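Overview (structure and organization)
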Amino acid sequence: MKLTINGKEKEIATSQNLIELLKELDISESHIAIALNSEIVPRTQFATTSIKDGDTIEIVHAVGGGSG
Amino acid sequence: MEGSYLKVGNRSFKSRLIVGTGKYKSFEETREAIAVSGAEVVTVAVRRIELDKTKESILNFIDPDKYTFLPNTAGCYSVKEAVMTCQLAREAGLGDLVKVEVIGDEKTLFPDNEATLEASDILVKDGFTVLPYCTDDVVLCKKLEQVGCAAVMPLAAPIGSGLGIRNPYNIRLIQEAVTVPVIIDAGVGTPSDASRAMEMGVDGILMNTAIACAKDPIKMAQAMKMAVESGRLGYEAGRIPKKLYATASSPLEGLIDL
């Protein structure tokens, strides 16, 4: 299925939910947050939140920054 | 000597210097600079993970047991973006102390004050401890306090400009107008800028560029630590009044008659 992840189209092989997606993308679950179609998904619901073709997903984390 | 504390919401900090984590050459340099600065609160931005790059995180270099994170909404241009960025930061485990910043102009990076007020209001109601970056406007700062912000953070000068406090009179008026802490955010360039702000009695200073972009960031981190501390001590000690004429500091009695 095709997803838009962080602004880029991405073909996903097997993942059915957000936990599996993180594994497939090789992203550690800790210190990240996910918005699925502009809705924030609590991390406790990563395993139970399924994904489908055409979904838009934002995966964010902390980076160095000050202002602006 | 009993030191004073920076109190923000229900948190207290010994250091009155808050530092940013951007623009350093490496995560190692970031770690060393913030350690030398003595800061207890460090601000971080929230951004998309880069999918095809190595995923080393800045969080591996900042011990969460040692520092309090202050996720910021840098780069946000709307209320919605700022609110969601804070909510994502909380979900990512960065806590509920946030620096709200809604930029209104690309060239000056001046904040959109109306949007900042609206975003702050929403975030306070959502349980965040909100520190808003704003212009040095007395009325706005009073409104930010009214909606429940834990501090106000007026800029000294544009972000990254290093111009120092452009309008010390406005900062003084803000200090008188609000009861929450006043933290200078952005525009400090030198240790003397930092000292001067602290001597005026502001409660703290947030800076990034002045340290990170100095020729030697580690030395500057130490200089800023000392400047903030000495400025604060000077404020607490109370300066002498300015006088036009000289006053001798040696005794006038017992002068030798030659």
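Preceding this paragraph is the structure being described.
The following refers to the structure shown. Note that the structure is a prediction, hence the values are computed from the model and not measured.

Thresholds, definitions, all that
- Residues numbered from 1 in each chain as written.
- Chains lettered and ligands numbered in written order.
- Predicted model: local features only at pLDDT ≥ 70, side-chain atom pairs only at ≥ 80, totals over all residues.
- Heavy atoms only, no water.
- Helix = DSSP H or I, 4+ residues; strand = E, 2+ residues; numbered from the N terminus.
- Buried < 20%, exposed > 50% of the residue type's maximum accessible area, 1.4 Å probe, protein only.
- Contact = heavy atoms within 4.5 Å.
- Polar contact = N/O pair within 3.5 Å; in protein donor to acceptor, adjacent residues only side chain to side chain.
- Buried area = accessible area lost by both parts, 1.4 Å probe.
- Salt bridge = Lys/Arg side-chain N within 4 Å of Asp/Glu carboxyl O.
- Pairing = 2+ DSSP bridges.

This next bit is on the environment of B:Ile165. Residue and element names in this part refer to chain B. Take Ile-165: it is sitting in the loop between strand S8 (153–154) and helix H5 (168–177). Using a relative accessible area of 6% as the deciding quantity, one classes Ile-165 as buried. In the structure, Ile-165 is positioned 23 residues away from Val-188 in sequence and 6.9 Å away in space, judged by C-alpha atoms. Contact partners of Ile-165, with chain neighbours within four places excluded, come to Ala-156, Ile-171, Ile-184, Arg-196, Ala-197 and Met-200.

Our focus in this paragraph is the side chain of B:Ser15. Residues and elements named next belong to chain B. Residue position: Ser-15 is located in the loop between strand S2 (11–13) and strand S3 (17–20). With a relative accessible area of 15%, Ser-15 lands in the buried category. Of note is the side chain of Ser-15, whose polar atom sits 3.4 Å from the backbone oxygen of Gly-38. In contact with Ser-15, other than residues within four places in its own chain, are Leu-6, Gly-38, Ala-39 and Glu-40.

Counting from both sides, the interface comprises 29 residues of chain A and, opposite them, 31 residues of chain B. When chain A packs against chain B, close to 2600 Å² is buried across both sides, 63% of that on carbon and sulfur atoms. Of all residues in chain A, the largest losses of buried area upon contact with chain B belong to A:Ile40, A:His61 and A:Gly68, amounting jointly to 21% of the total for that side. Of the charged contacts, one joins B:Arg48 and A:Glu58 as a salt bridge, the two residues approaching to 2.7 Å between their closest N and O atoms. Counting the contacts that link chain A with chain B gives 11 residue pairs in polar contact (both at pLDDT 80 or more). Elements that contribute at least two residues to the side of chain A that touches chain B include exactly strand S3 (32–36), strand S4 (39–41) and strand S5 (56–64) of chain A. Residue contributions to the side of chain A that touches chain B peak at 7 residues, all from S5(A). Across 5 bridges, the pairing between S5(A) and strand S4 (residues 41–48) of chain B is antiparallel. If you follow A:His61 over to S4(B), its bridge partner there is B:Arg47.

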